[in-house]
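Tertiary structure, described
Each chain, letter by letter, is given below.
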Amino acid sequence: MYKDKKFFDLGYYKFTGSWAWMLHRLSGLALIFYLSAHIWVISTISKGPEGFDRVMGVLASPLFKLLEVGLWGIILFHAFNGIRVVIVDFWKGSLHHKKLFFIMIFIAFLLWVAGGYLIVSHM
Amino acid sequence: MSKEKRIIKILRYDPANDKKPHWVDYTGEFDSDSTILDVLNDIHWKTDGSLAYRRSCRSGICGSCAMKVNGQNILACETPIHKFKGKIKIEPLPGFAIIKDLVVDMDLFFEKLKKVKPYLVVDKPLPDKEFTQSPEEFEYIRESVTCILCGACTSSCPSLWGNEDYLGPAALLKAYRFIFDTRDDGANERMDIVNDKNGIWRCHTIFNCMEACPKDIKITEYLSRLKVKIVENSI
C-alpha cells in the first residue's frame, strides 16, 4: 500500500471555505511573528532610554509605516474571519458561509482603508 | 449523441512494481454524456485490463466509486465527462492509502464509523408495532440518513490530511444522525466519544466536505448543530 505523506493537497484549494481557512492559518502565523517581534521591541527599553529611542527611530521610517498598514490588514482579516467562524459554528452560519465571508471581507476592507489612511497620513 | 476525443490521465499504482504512483495517459472517443465510470469501464474492457477501480451499482447509491477527478472528489458513476473541460485527471481519494490504482484502503474509515456506534441504542421498552417519529422529528435527520458512506467528504478534509486519527466528517455525520434521532437513547454516550481531541473539535469549518458530498448533504451545518448541542450539554 502507498500512503501519500502530503500534508495538504494544494490542488484541492479552490473553494471559499478552504481559502478562508488557509488564509486564517497564515494570518495567525503572521500575527504570532508580529507579537514576538513586538515583545522584542518593547524589551529594548530595559537597555535604557537611548537604546529604546534608537529602535523607535528605526520603526518610524516609512517602510515600517507601510508594514503597519499590512499588519492592520492581517489583523482585520483574522478578526473578521474569526467572527465568521464563530457564526458558522454557533449561529447557523454554515448555510450562508460564502456570503458571510464576502460580507466580513468587505467590512474588513473598509476598516483597512480607513485605518490605512490614518497611518499613512501621519507618516 | 456526439462523440468526442478526450485525453484521460489516470494516476496508476501497482504495489508489485511501483514505488510511487505515476500518471498514465489514455485517449479515446466518448459520448459527451458518458460518465467517468463509463470511461473507466471503456478503458478497463478495451484498452488496459489491469486498471483497478471500485464500482458496483452505477447509480449513485452504493458509494463504491468515489474518486478525485480534476481536483475534486466526486462519484464516478453520476458525474458526466462534459462537466470537465480539456484533459480529465482521475486520481484515487486523497488522504487514504492506495491499495492499487484507484482502489484505496477504507479500513480506517469504517473503524472510525464503528467508534460512534452507528446503530440505534434503545433503553426504553420497545413499542409493540412501529417505532414512529413525527415528520417534524424526522426533519432533523432527513438529510443525514441519505449518506452512502462513499468517503468523498472524509477524504477531502484538510484536518484529516494533517491527522489521520481525526474521526472525519462521515463518522461525525453518522454520530449526528443518531444523536438527533428522537428514538435513540445513546446520545450522551456518543457525545462523549465525539467530544474528544480527535473528535468534532478538529472540524475547522473548511467546507470541503460539503463541496465534495455527492448527495449534497449540508455536513458542516449538522456538525455545527452537534457542536452547539455538546456545548449546551456541558454547561
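Nothing here was measured: the structure is a model prediction, and the numbers come from that model.

This part covers the overall build of chain B. If you tally the helices and strands in chain B, you get 9 helices and 7 strands. Reported as C-alpha extents along the three principal axes, the dimensions of chain B are approximately 60 × 40 × 30 Å. Long-range pairs, those at least 24 residues apart, make up 66% of the contacts in chain B with a sequence separation of at least 6. Accessible surface computed for chain B: about 11200 Å², of which carbon and sulfur atoms make up 49%. For chain B, the distance from the average position of its 35 positive side-chain charges to the average position of its 35 negative side-chain charges is 4 Å.

Let us now look at the overall build of chain A. Broken down by element type, chain A carries 4 helices and 0 strands. For chain A, the α and β elements follow one another from N to C terminus as α-α-α-α. With the principal axes as the frame, chain A shows a C-alpha extent of 60 × 45 × 25 Å. Accessible area of chain A: about 8100 Å², with a carbon and sulfur share of 78%. Taken as two groups, the 12 positive and 6 negative side-chain charges of chain A have centres that lie 12 Å from each other.

On to the nonpolar core. Residue and element names in this part refer to chain B. Core analysis: the biggest nonpolar cluster contains 70 residues, and Ile-8, Ile-10, Ile-36, Leu-40, Met-67, Ile-90 and Leu-226 have the highest contact counts within it. It is helix α6 (residues 168-179) that provides the largest number of residues to this core, a total of 7 residues. Counting residues domain by domain, this core receives three or more from each of domain 1 (3-104) and domain 2 (107-234). Filtering out sequence-adjacent residues up to four positions away, Leu-40 remains in contact with Ile-10, Leu-51, Tyr-53, Met-67, Ile-90 and Leu-102.

This paragraph deals with unusual backbone geometry. Residues and elements named next belong to chain B. The phi dihedral of Leu-149 is positive, around 55 degrees, even though this residue is not glycine. Tracing the backbone through its elements, the reader meets Leu-149 in the loop between α3 (135-139) and α4 (152-155). Residue Leu-149 is classed as partly exposed on the basis of its relative accessible area of 21%. Although it is not a glycine, Asp-216 adopts a positive phi angle of roughly 55 degrees. Mapped onto the elements of the fold, Asp-216 is located in the loop between α8 (208-212) and α9 (219-234).

Quick look at helix α3 (residues 62-90) of chain A now. Under the 1.5 Å per step criterion, the end-to-end length of α3 of chain A is 42 Å for 29 residues, consistent within 8% with the ideal 42 Å. If you check which residues of α3 of chain A are buried, you get Lys-65, Val-69, Leu-71, Leu-76, Phe-77, Phe-80, Asn-81, Gly-82, Arg-84, Val-88 and Asp-89 of chain A. On its buried side, α3 of chain A packs onto α1 (16-43) and α4 (97-121) of chain A together with α9 of chain B. Just beyond α3 of chain A, the residue with positive phi is Lys-92 of chain A, at close to 55 degrees.

Taken residue by residue, the interface counts 37 residues in chain B and 26 residues in chain A. For the pair chain B and chain A, the two sides together bury roughly 2700 Å², of which 61% comes from carbon and sulfur. Sorting the residues of chain B by area buried against chain A places Trp-161, Phe-207 and Glu-211 of chain B first, and these three jointly supply 21% of that buried surface. Where chain B touches chain A, the interface holds 2 salt bridges. Linking chain B with chain A are 8 residue pairs in polar contact (both at pLDDT 80 or more), by the criterion used here. Split by residue class, the side of chain B that touches chain A holds 16 nonpolar, 12 polar and 9 charged.

Residues and elements named next belong to chain B. Looking at chain direction, strand β1 (residues 3-12) and strand β5 (residues 88-91) are connected through 3 bridges and run parallel. In the sheet register, Ile-8 faces β5, and the bridge partner there is Ile-88. Bridge count between strand β3 (residues 66-69) and β5: 2 bridges; the pairing is antiparallel. Bridged to Val-69 within β5 is Ile-90.

Residue and element names in this part refer to chain B. Secondary-structure assignment places Val-24 in strand β2 (residues 22-31). Judged by relative accessible area, Val-24 falls into the partly exposed class, the value being 23%. Those residues in contact with Val-24 that lie beyond four places of it in its chain are Ile-8, Lys-9, Ile-10 and Arg-12.

Each value, and the rule that gives it
Residues numbered from 1 in each chain as written. Chains lettered and ligands numbered in written order. Predicted model: local features only at pLDDT ≥ 70, side-chain atom pairs only at ≥ 80, totals over all residues. Heavy atoms only, no water. Helix = DSSP H or I, 4+ residues; strand = E, 2+ residues; numbered from the N terminus. Contact = heavy atoms within 4.5 Å. Areas by Shrake-Rupley, 256 points an atom, 1.4 Å probe, with all protein chains shown as cover. Lys, Arg positive; Asp, Glu negative; His and termini not counted. Charge placed at Lys NZ, Arg CZ, Asp CG, Glu CD. Core = buried A, V, L, I, M, F, W, Y, C linked by side-chain atoms within 4.5 Å. Buried < 20%, exposed > 50% of the residue type's maximum accessible area, 1.4 Å probe, protein only. Domains from an automatic or database assignment. Expected span 1.5 Å × (residues − 1). Buried area = accessible area lost by both parts, 1.4 Å probe. Salt bridge = Lys/Arg side-chain N within 4 Å of Asp/Glu carboxyl O. Polar contact = N/O pair within 3.5 Å; in protein donor to acceptor, adjacent residues only side chain to side chain. Nonpolar A, V, L, I, M, F, W, Y, C, P; charged D, E, K, R; others polar. Pairing = 2+ DSSP bridges.

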